[in-house]
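Coordinate inspection notes
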Amino acid sequence: MKKDYYKILGVEHKASPEDIKKAFRKLAHKYHPDKSGGDELKFKEVNEAYQVLSNKQKRAEYDTYGHAFNNAGGGNQGFSGFGNAAQGFGGVEFDLGDIFSEFFGGAYQGAGTQTKRGRDISIDIEIPFKESIFGVQRNILITKTSVCKTCKGSGGKENSKMKVCDICNGKGRFNEVKKSFFGAFNTVRECGACFGSGQVPEEKCSACKGYCVAKGEYEALIHIPPGIRDGEVIRLSGKGEAIARGLSGDLYIKIRVSAHPVFWREGENLHMDLNIKLSDALLGIEQNIVTLEGNTTVTIPPGSTLGEVLRVKGKGIPTGNNKRGDLLVHLNIELPKKLSKKAKALVEELKKEGI
């Protein structure tokens, strides 16, 4: 009799892979033989349907040819082509990489599927505003686990020969059987003596005691590029925590830029306020200003108004290819709080002129 895999899982023919996965998990919990009220035949049937519909190629063949498609075996036959498939209850195969990552927090890993990697490190450093504009190199001191400097990560004394690990007999790992409500399943655990390599030095390193790594203070050189923004992160590959016989993690440096009392940035441009006298605004003047790079002169044209912006080209944020943004100077006209008799008379004259 032809089986309707969609009906078995209780999903529509247009169901997404995520919908199919959710339906399978729910029914697998319900019918598993190890649970009270479980049903072995139903569990096998649900698993058979999931193995087909969760595989893109097999699902396409099933949709085209129905239950007679190639490789659509019965519940006790299993299916080929699943890299993490494991033998479960009653000979049924199911995808441990999928199921156990959900129910056991990703504890299952197929042997040899991943390269060991050390932990990533994240730190924050604060730099002055000027250094964020023009870039800087910084040496920082961090405490972390690194490859042992004495044995260079071999775990043995200098010129010490390697031998087969007598704990795992050179296999580098152990197979363990664990039980759950899904039944018994095999897991792979790395050998703690040889760290998965299958070999150990005949004489251990005196500095790291054969662990290949050691904790201590290490100096790292950071190249902070010009124009970096507050909150940006620099990644140094391989500068994180080291792990025996594996790859080191990465070091992430979050940059905090301290505020400047005069300047602020918007995009590729720098901004600043400039206080000028009323007379200078009316008559114009060559005004000296101090930039992040030193002194320069700006021309304040006659009749300048409050809030007017002057542009100094090429004094902003470096943008690469020897190009830079601009410095925008915001004019603030200072009005006197008190006037002398002479000044007041002059203003009265200006008033008569309609100014």
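Residues numbered from 1 in each chain as written. Predicted model: local features only at pLDDT ≥ 70, side-chain atom pairs only at ≥ 80, totals over all residues. Heavy atoms only, no water.

1. A look at the pattern of salt bridges
For the record, the criterion: Here, a salt bridge means any Lys or Arg side-chain nitrogen found within 4 Å of an Asp or Glu carboxyl oxygen. We count a stretch as a helix when DSSP gives it H or I for four or more residues in a row; a strand needs E for two or more, and each element gets its number in order from the N terminus. Residue burial is assigned from relative accessible area. The probe radius is 1.4 Å, only protein chains are included, and a residue is buried under 20% of its type maximum, exposed over 50%, and partly exposed in between.
For the coordinates displayed, the defined rule picks out twelve salt bridges. A salt bridge links Lys44 to Glu40, with the nearest nitrogen and oxygen atoms 2.9 Å apart. On the criterion of helical spacing, the pair formed by Lys44 and Glu40 is a turn pair, its members being four residues apart in helix H3 (residues 40-53). The exposure class assigned to Glu40 is partly exposed, which follows from its relative accessible area of 33%. Across the salt bridge formed by Arg256 and Asp124, the nearest N and O atoms sit 3.8 Å from each other. Of this pair, Arg256 sits in strand E11 (residues 251-257) while Asp124 is found in strand E3 (residues 121-127), placing the two residues 132 residues apart along the sequence. With a relative accessible area of 32%, Arg256 lands in the partly exposed category. Residues participating in the shared-partner salt-bridge network are Arg117, Asp120, Arg235 and Asp250.

2. Brief notes about the nonpolar core
A general trend in soluble globular proteins is that nonpolar side chains are found buried together. Formally: Among buried residues, those of type Ala, Val, Leu, Ile, Met, Phe, Trp, Tyr and Cys that are joined through side-chain atoms within 4.5 Å constitute a nonpolar core. Any two residues having at least one pair of non-hydrogen atoms within 4.5 Å are treated as being in contact.
Among the nonpolar cores identified, the biggest contains 35 residues, and Ile125, Leu251, Ile253, Ile255 and Val329 are the most heavily contacted of them. Look past the residues within four positions of Ile125 in its chain and what remains in contact with it is Ile140, Ile222, Ile224, Ile253, Lys254, Ile255 and Arg256. Tyr5, Tyr6, Ala28 and Val46 belong to the second largest nonpolar core, which has 19 residues in total.

3. Points about the environment of Thr296
In this structure, Thr296 sits in strand E15 (residues 294-300). C-alpha separation for the pair Thr296 and Val312, spaced 16 residues apart in sequence, amounts to 9.4 Å. Apart from the residues within four sequence positions on either side, Thr296 is in contact with Gln287, Asn288, Ile289 and Thr291.

4. Structural notes on the pairing of strand E14 (residues 285-291)
For clarity, the cut-off: Between any two strands, pairing holds if DSSP finds at least two bridges.
Bridging between E14 and E15 involves seven bridges; their strand directions are antiparallel. Paired with Gln287 across the two strands is Val298, which belongs to E15. Between E14 and E15, which pair antiparallel and follow one another directly, the connecting turn spans two residues.

5. Observations regarding unusual backbone geometry
The phi dihedral of Cys212 is positive, around 75°, even though this residue is not glycine. Its location among the elements puts Cys212 in the loop between strand E8 (199-201) and strand E9 (213-224). Although it is not a glycine, Arg245 adopts a positive phi angle of roughly 55°. Tracing the chain through its elements places Arg245 in the loop between strand E10 (233-236) and E11. Arg245 sits in the partly exposed class, given a relative accessible area of 30%.

6. Some details on the confidence of the model for the protein chain
Heads up, the rule is: The pLDDT score gives, residue by residue, the confidence of the prediction method on a 0 to 100 scale.
When the pLDDT values of the protein chain are averaged, the result is 82; 83% of them are 70 or greater. Counting interchain partners and residues more than four positions distant, the pLDDT-below-50 stretch residues 70-113 has 84 contacts.

7. Quick notes on the pairing of strand E13 (residues 269-277)
Note: strand E12 (residues 264-266) against E13, three bridges, orientation antiparallel. Its bridge partner lying in E13, Glu266 is registered against Asn269. In sequence, E12 turns back onto E13 through a hairpin of two residues, with Gly267 there showing a positive phi of about 65°. Note: E13 against strand E19 (residues 327-334), eight bridges, orientation parallel. When the bridges of E19 are listed, Asn275 appears paired with Asn332.

8. As for the side chain of Asp250
We count it as follows: Polar contact is the term for a pair of N or O atoms within 3.5 Å; when the atoms are in protein, one must be able to donate a hydrogen and the other to accept it, and sequence-neighboring residues count only if both atoms are side-chain atoms.
Here Asp250 shows up in the loop between E10 and E11. Here Arg117 takes part through its side chain, which lies 2.9 Å from a polar atom of the side chain of Asp250. In this structure Asp250 touches Arg117, Arg119, Asp120, Ile121, Arg235, Leu236, Ser237, Gly238, Lys239 and Gly240, once residues within four positions along its chain are discounted.

9. Some details on the packing of aromatic side chains
Selection criterion: In this analysis, rings of Phe, Tyr and Trp, with Trp reduced to its six-membered ring, are considered paired at centre separations within 6.5 Å, and the interplanar angle assigns stacked below 30 degrees, edge-to-face beyond 60, and tilted for intermediate values.
According to the stated counting rule, one finds two aromatic pairs in the structure shown. Ring geometry for Phe24 against Tyr50: centres 4.0 Å apart, planes inclined by 5°, an arrangement best described as stacked. Taken together, the residues Phe24 in helix H2 (residues 17-31) and Tyr50 in helix H3 connect sequence positions 26 residues apart. Each member of the pair, Phe24 together with Tyr50, is buried. Aromatic side chains Phe195 and Tyr211 sit 6.4 Å apart centroid to centroid with 55° between the ring planes, which places their arrangement in the tilted category.

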